[in-house]
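# Analysis of the macromolecular model
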Amino acid sequence: QVQLVESGGGLVQPGESMRLSCTPSINIFDINNMGWYRQAPGKQRELVAQIYKFDTTNYANAVKGRFIISRDNDKNTVYLQMNSLKPEDTGVYYCFAHNGDLTLGWGQGTQVTVSS
């Protein structure tokens, strides 16, 4: 199992920005795609964004144009820059790492709360 260490998260007001980080315990080049799911209270976990080995990205419609996922190979880290945050972005964000249909690991989850 690949260990994924997440950082970031916390409480922000609507319209503000926040960045999440996720660092795997193996070389990022050995992972086909990484990203984040989120789970709001009483709702199912949903895919937020993912980035593939050669930087192809995919976003949920709800975050397109506001969130940016990127990877820094030198720091072996994937980032999720979240801009123009809305209350409906509130939830626990889980970093993941996949190779095809194989899930390599999950992060511990980080709480993001958007509230005035």
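Before going into details, it helps to say that this report is about the structure given with it.

Reading guide: rules and limits
Residues numbered from 1 in each chain as written. Predicted model: local features only at pLDDT ≥ 70, side-chain atom pairs only at ≥ 80, totals over all residues. Heavy atoms only, no water. Pairing = 2+ DSSP bridges. Helix = DSSP H or I, 4+ residues; strand = E, 2+ residues; numbered from the N terminus. Axes fitted to C-alpha atoms, helices over the stretch in contact; angles between N-to-C directions. Disulfide = S-S within 2.5 Å. Buried < 20%, exposed > 50% of the residue type's maximum accessible area, 1.4 Å probe, protein only.

## Some points on the sheet that holds strand β3 (residues 18-24)
The four strands are arranged β1-β3-β8-β7 in an open sheet whose pairing can be described as antiparallel. The open sheet terminates on both sides in strands that have one partner only, identified here as β1 (4-7) and β7 (67-72). Each strand axis lies, on average, 15 degrees off the axis of its neighbour in the sheet, ignoring direction. Sheet analysis places β1 next to β3, joined by four bridges and oriented antiparallel.

## Focus: the state of the cysteines
The full count for this structure, using the stated rule, is one disulfide. Paired by a disulfide, Cys 22 and Cys 95 hold their sulfur atoms 1.9 Å apart. Here Cys 22 and Cys 95 share a disulfide; its torsion about the S-S bond, -85 degrees, makes the bridge left-handed. You can see Cys 22 sitting in strand β3 and its partner Cys 95 sitting in strand β9 (residues 91-99), a full 73 residues away along the chain. Each member of the pair Cys 22 and Cys 95 is classed as buried.

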